[in-house]
Amino acid sequence: NAGVMQNPRHLVRRRGQEARLRCSPMKGHSHVYWYRQLPEEGLKFMVYLQKENIIDESGMPKERFSAEFPKEGPSILRIQQVVRGDSAAYFCASSPPTGPYPDTQYFGPGTRLTVL
Amino acid sequence: KQEVTQIPAALSVPEGENLVLNCSFTDSAIYNLQWFRQDPGKGLTSLLLIQSSQREQTSGRLNASLDKSSGRSTLYIAASQPGDSATYLCAVPDGGYSTLTFGKGTMLLVSP
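Keep in mind the model is a prediction, meaning the values are calculated, not measured. (Residues numbered from 1 in each chain as written. Chains lettered and ligands numbered in written order. Predicted model: local features only at pLDDT ≥ 70, side-chain atom pairs only at ≥ 80, totals over all residues. Heavy atoms only, no water.)

Draft legend 1. View of the interface of chain A and chain B. The interface of chain A with chain B comprises 21 residues on the first partner and 21 residues on the second. Between chain A and chain B lies a buried interface of about 1,700 Å² when both sides are counted; carbon and sulfur atoms form 60% of it. In this structure, the connection of chain A to chain B is made through zero salt bridges. Of all the secondary structure elements, the ones that give two or more residues to the side of chain A that touches chain B are strand E4 (31-37), strand E5 (43-50) and strand E6 (53-56) of chain A. A class-by-class count of the residues in the side of chain A that touches chain B yields twelve nonpolar, six polar and three charged. (Contact = heavy atoms within 4.5 Å. Buried area = accessible area lost by both parts, 1.4 Å probe. Salt bridge = Lys/Arg side-chain N within 4 Å of Asp/Glu carboxyl O. Helix = DSSP H or I, 4+ residues; strand = E, 2+ residues; numbered from the N terminus. Nonpolar A, V, L, I, M, F, W, Y, C, P; charged D, E, K, R; others polar.)

As structure tokens, this is what we get:
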């Protein structure tokens, strides 16, 4: 059972370009989470999705950022008109359908975005 | 709003020492607590998950305890090895969903 896959692992963009980060959850997992790790800061939650639904986007910046998890294919985190402050490591995690309690989240290797 | 604090921020020990990493959280209404390991430039590896009904979990040389009432957890590493060098993160679910709130981590260096 392959783990959570993220691509690309490294992404370089110039200011004003768009960045697309992809995440394929573990087999059987229907919950996807995106986190961002800025330099010298801890991981911060961004968005929680299930298939075709955004459950919680309270951690997403109000502008330029969007996320989706379509019925088919990977989850996508899209950053439009990137700025230098977007440079960070972006991690995706997945978990299986949960019962009464939140389940373990399994993390991907991350995408390191550098904005020039 | 849940806040998670980890002490110390960094720790350097010689090989073979037993050590304790600390994690505190402000909202004790948690379902569980996870400890992760992060190697430089890499993703996160889940080490231990303690359910709220448990007081501790063990995996090999690692032992994690949870005291919900005081809002604290400790990660005990026995007989540390250079391969244990990494950043250790603790995280708790926040709110009604599974989203995690992380501490900033303890950066551990074990010298041969």
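From this point on, the discussion continues.
Draft legend 2. Representation of the environment of Gly71(B) in the model. Here Gly71(B) is to be found in the loop between strand E7 (62-67) and strand E8 (72-77). As for Gly71(B) and Lys1(B), which are separated by 70 residues in sequence, their C-alpha atoms are 14 Å apart.

Draft legend 3. Structural detail: the state of the cysteines. Residue and element names in this part refer to chain B. As enumerated under the stated definition, the model contains two disulfides over all chains in all. With a sulfur-sulfur separation of 1.8 Å, Cys23 is cross-linked through a disulfide to Cys90. Measuring the twist about the S-S bond at about 55 degrees, one finds the Cys23-Cys90 disulfide to be right-handed. Taken together, the positions of Cys23 in strand E3 (residues 19-25) and Cys90 in strand E9 (residues 86-93) put the pair 67 residues apart, joining distant regions of the chain. For Cys23, a relative accessible area of 2% gives the class buried. (Disulfide = S-S within 2.5 Å. Buried < 20%, exposed > 50% of the residue type's maximum accessible area, 1.4 Å probe, protein only.)

Draft legend 4. Spatial organisation of the nonpolar core. Membership of the largest hydrophobic core comes to 23 residues, with the highest contact counts inside it found for Trp34(A), Met46(A), Leu77(A) and Tyr90(A). Those elements giving two or more residues to this core turn out to be strand E3 (19-24), E4, E5, strand E7 (65-68), strand E8 (75-79), strand E9 (88-95) and strand E11 (111-115) of chain A. Of all hydrophobic cores here, the second largest spans 22 residues; its members include Phe25(B), Leu48(B), Leu75(B) and Val110(B). (Core = buried A, V, L, I, M, F, W, Y, C linked by side-chain atoms within 4.5 Å.)

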